[in-house]
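# A closer look at the structure
Now for the letters of each chain:
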Amino acid sequence: MRYARSRMGTQGAVLAAAVMAVAWAAVGPVSASGQDGSVPVVYRCRGMGIDLNLTAEVTVTAPVSVPQGGTAELSLDVFMGMNSPISVPARSVKGTAGLSLGGAQTGQMNATGLTNPDAIAGGKPVILSGGRASVRLDTPGKVTVTPGDMSFTAMGIIASCMLKGTAPAAATVEVTSGYR
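What counts and what doesn't
Residues numbered from 1 in each chain as written. Predicted model: local features only at pLDDT ≥ 70, side-chain atom pairs only at ≥ 80, totals over all residues. Heavy atoms only, no water. Disulfide = S-S within 2.5 Å. Helix = DSSP H or I, 4+ residues; strand = E, 2+ residues; numbered from the N terminus. Buried < 20%, exposed > 50% of the residue type's maximum accessible area, 1.4 Å probe, protein only. Core = buried A, V, L, I, M, F, W, Y, C linked by side-chain atoms within 4.5 Å. Contact = heavy atoms within 4.5 Å.

### Concerning the state of the cysteines
This model, assessed by the stated rule, comprises 1 disulfide. Each disulfide pairs two cysteine sulfurs, and for Cys45 the partner residue is Cys161, the sulfurs being separated by 2.2 Å. Because the sign of the S-S torsion sets the handedness, a value of about 115° for the bond joining Cys45 and Cys161 places this disulfide among the right-handed ones. In this pair, Cys45 is assigned in strand E2 (residues 35-47) and Cys161 in strand E10 (residues 157-163), connecting sequence segments 116 residues apart. Each member of the pair, Cys45 together with Cys161, is buried.

### Considering unusual backbone geometry
One non-glycine residue, Arg91, lies in the positive phi region at around 60°. On the accessibility criterion, Arg91 (48% relative accessible area) is partly exposed.

### Re the nonpolar core
Ranked by internal contacts, the top residues of the largest apolar core, which has 40 residues, are Tyr43, Leu74, Leu76, Leu99 and Leu137. Listed by contribution, the elements that provide at least two residues to this core are E2, strand E3 (50-62), strand E5 (70-83), strand E6 (93-103), strand E7 (107-115), strand E8 (125-137), strand E9 (141-154) and strand E11 (171-176). In contact with Leu137, other than residues within four places in its own chain, are Val66, Pro67, Gln68, Gly69, Gly70, Ala72, Leu101, Gln105, Val143, Val173 and Val175.

What follows is the structure, given as structure tokens:
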């Protein structure tokens, strides 16, 4: 039993290192009902004795416009640019990504639910999707959505990635006035 726990802990640490040590690539084309924005973001990632800088390509999907007082449904999906060193069961990687609003309205929120929907075989790419956030937009004008800090848990190991510097906006939502 001691061996099994030790091996699982080692595999979790290896997977957490893989999650942290990758360059992410964009997922998905622009859709007719919204927009996808992919931007490079520099992070400093730490966890399980690992401390490194990496550049991620983060994709945020947002509606093109919402009426004043309406809700914008935002999503975040990432494709890890490195293969998993071990097999990973479906939904065993869980993540949260911060999002910041700028322009006509400011604020912060978290996109929750980021996970690997399918099992990942050792040597295959790590794909995380399903990050979601909703925000009510009350001020007419352009509102930007910018990626923020991220954290991941993989097999019980936590990895935190903090912004290093500032990130560019990944999407813009036009909040239209109720008056025409």
